[in-house]
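In case you want the letters, here they are:
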Amino acid sequence: MTATILDGKAFAAAVRAKVAEHVTRLKTDHGITPGLAVVLVGEDPASQVYVRSKGKMTVEVGMASFEHRLDADTSESALLALVEKLNNDPTVHGILVQLPLPGHLDSDLVINSIDPAKDVDGFHISNVGLLGTGQKSMVPCTPLGCLMMLRAHHGSLSGMNAVVIGRSNIVGKPMAQLLLNDSCTVTICHSRTRDLPGVVRSGDIVVAAVGRPEMVPGDWIKPGATVIDVGINRVADGDRTRLVGDIDFASASAVAGAITPVPGGVGPMTIACLLANTVTACCRANGLPEPEGLAA
Ligand code: NDP
């Protein structure tokens, strides 16, 4: 079998186009411009790249982008004061504090100070609780992107066996919750899981979010399964480096029914879903109908 490639770039472009269409409608029909504020503390090079491309894509879909770059030694009280200001700013519908924060700042405290209605990363404890109880919430962007691709490929996920490898708060746990909310039978694996290959082989859907290069070989994959590779790992390739996922793409794509590549799979969906969450937050804040197909 040769797997269908789930093209994250194309999916993400379609999501952004839908967002842009809705932004235009909000502007012309209601005079509202959705706004996304991104807060970056310090100079982490990877975070700087993410923040730059988030800002660029926010503007490209017609939304307002507010970037706040703070020194690495910014105090917790100064950061909390900025979040409070953004919470009260009616032109800001989404707030994202780029993680990781420098060590002297309490990430949980900062994230939980964001107005849950503006928490477009979906990390606020209220949103975690809402998602966990199957209520309307802001959903973390990466798992939301995975869910959108799975729904687009399968239609209904009801009754499928889904195996999620990884139990982080950012990817693994919300991913499992979303699959459960879509009526999958969900197994969550982690570093202590016994017989990981055997468990993975039970999955009609496998989502790998581990951070270990190519750790899942093709012979762990059930023939015809749909494989979503969240991992982003940089490995040496001669005197260069290249990106690989947590799945061994070459062997897995010979067995799976469908698979996301790395790069070009889940990655592009994350920012697209951030934009989708912002437009959803804007609609909710203004009591307007939400765009269809952009939320969980
Ligand atoms: P974390 O390090 O927070 O979590 C990794 C998880 O993998 C943990 O639950 C850990 O188990 C589990 N794990 C580690 N080793 C094994 C093993 N040998 N067998 C089974 N499970 C194992 O990572 P994240 O969830 O934040 O990220 C995971 C990957 O996804 C990374 O490569 C990251 O770069 C990528 N990522 C990609 C995004 C995108 O936009 N595409 C966005 C976010 C992340 P335990 O809990 O027991 O330690």
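Since the model is a prediction, treat every value here as computed from it, not as a measurement.

Some words on the domain arrangement of the protein chain
Interface extent is often summarised as the accessible area lost during association of the parts.
Inference 1: Taken as a whole, the protein chain is organised into domain 1 (30–117) and domain 2 (141–268).
Inference 2: Between the C-alpha centres of domain 1 and domain 2 there is a distance of 29 Å.

So, helix α2 (residues 45–60)
Inference 1: Under the 1.5 Å per step criterion, the end-to-end length of α2 is 23 Å for 16 residues, consistent within 8% with the ideal 22 Å.
Inference 2: Buried within α2 we find Ser-47, Val-51, Lys-54, Gly-55 and Thr-58. Down the axis of α2, the sector holding all buried residues measures 100°, keeping them to one side. Opposite the buried face of α2, by more than 90 degrees, sit the exposed residues Pro-45, Arg-52, Lys-56 and Glu-60.
Inference 3: Just past α2, the residue Gly-62 takes up positive phi, approximately 95°.

As for the pattern of salt bridges
Inference 1: With the rule as written, the count across this model stands at eight salt bridges.
Inference 2: Across the pair Glu-290 and Lys-136 runs a salt bridge, and its minimum N-O distance is 3.0 Å. With Glu-290 in the segment after α10 (266–285) and Lys-136 in the loop between α5 (125–132) and α6 (141–154), this residue pair connects regions lying 154 residues apart in the sequence.
Inference 3: Looking at Glu-290, the relative accessible area reads 24%, which means it is partly exposed.
Inference 4: Looking at Lys-136, the relative accessible area reads 59%, which means it is exposed.
Inference 5: With a closest N to O distance of 2.7 Å, Arg-284 and Glu-290 form a salt bridge.
Inference 6: By relative accessible area, which is 29% here, Arg-284 ends up partly exposed.
Inference 7: A single network of salt bridges, built from pairs that share partners, joins Lys-136, Arg-284 and Glu-290.

Considering the packing of α2 against α10
Inference 1: The N-to-C vectors of α2 and α10 enclose an angle of 50°; their axes lie 10 Å apart at closest approach. When the interaxial angle is binned, α2 and α10 end up oblique. In terms of crossing hand, the pair formed by α2 and α10 is right-handed. Along its contact with α2, which presents Ser-53, Lys-54, Met-57 and Thr-58, the element α10 presents Ile-271, Leu-274 and Leu-275.
Inference 2: Tallied by class, the residues present in the contact of α2 with α10 amount to four nonpolar, two polar and one charged.

A closer look at the pairing of strand β8 (residues 226–229)
Inference 1: Residue alternation in β8 divides its side chains into two sets, Thr-226 and Ile-228 and Val-227 and Asp-229, and both sets are buried.
Inference 2: Pairing analysis gives four bridges linking strand β7 (residues 205–208) to β8, with the strands arranged parallel. The residue of β8 that forms the bridge with Val-206 is Val-227.
Inference 3: The pairing of β8 with strand β11 (residues 258–259) spans two bridges and is classified as parallel. Within β11, the position partnered with Thr-226 by the bridge is Ala-258.

Quick notes on the state of the cysteines
Inference 1: Summed over all chains, the structure comprises zero disulfides.
Inference 2: Left unpaired, Cys-189 is separated from the closest cysteine sulfur, that of Cys-184, by 14 Å.
Inference 3: The buried category is assigned to Cys-189, whose relative accessible area is 0%.

A short note on the environment of Ala-258
Inference 1: By the element assignment, Ala-258 lies in strand β11.
Inference 2: With 184 residues separating them along the chain, Ala-258 and Thr-74 place their C-alpha atoms 45 Å apart.

Brief notes about the sheet that holds β11
Inference 1: Taken in spatial order, the six strands make up an open sheet running β1-β11-β8-β7-β5-β6, and their pairing is parallel. At either margin of the open sheet sits one strand with a lone partner, and together these are β1 (4–5) and β6 (185–189).
Inference 2: Looking at chain direction, strand β5 (residues 161–165) and β6 are connected through five bridges and run parallel. Across the sheet, Ala-162 pairs through a bridge with Val-186, a residue of β6.
Inference 3: Of the strands in this sheet, β1, β7, β8 and β11 touch α6, which is tilted by about 160° from β8.
Inference 4: Of the strands in this sheet, β5, β6 and β7 are in contact with helix α7 (residues 172–181), which crosses β5 at around 170°.

Scoring rules and cut-offs
- Residues numbered from 1 in each chain as written.
- Predicted model: local features only at pLDDT ≥ 70, side-chain atom pairs only at ≥ 80, totals over all residues.
- Heavy atoms only, no water.
- Domains from an automatic or database assignment.
- Helix = DSSP H or I, 4+ residues; strand = E, 2+ residues; numbered from the N terminus.
- Expected span 1.5 Å × (residues − 1).
- Buried < 20%, exposed > 50% of the residue type's maximum accessible area, 1.4 Å probe, protein only.
- Arc of directions from axis to C-beta.
- Salt bridge = Lys/Arg side-chain N within 4 Å of Asp/Glu carboxyl O.
- Axes fitted to C-alpha atoms, helices over the stretch in contact; angles between N-to-C directions.
- Parallel < 35°, antiparallel > 145°, perpendicular 65-115°, else oblique.
- Left-handed = near helix turned anticlockwise from the far one by under 90°.
- Contact = heavy atoms within 4.5 Å.
- Nonpolar A, V, L, I, M, F, W, Y, C, P; charged D, E, K, R; others polar.
- Pairing = 2+ DSSP bridges.
- Disulfide = S-S within 2.5 Å.

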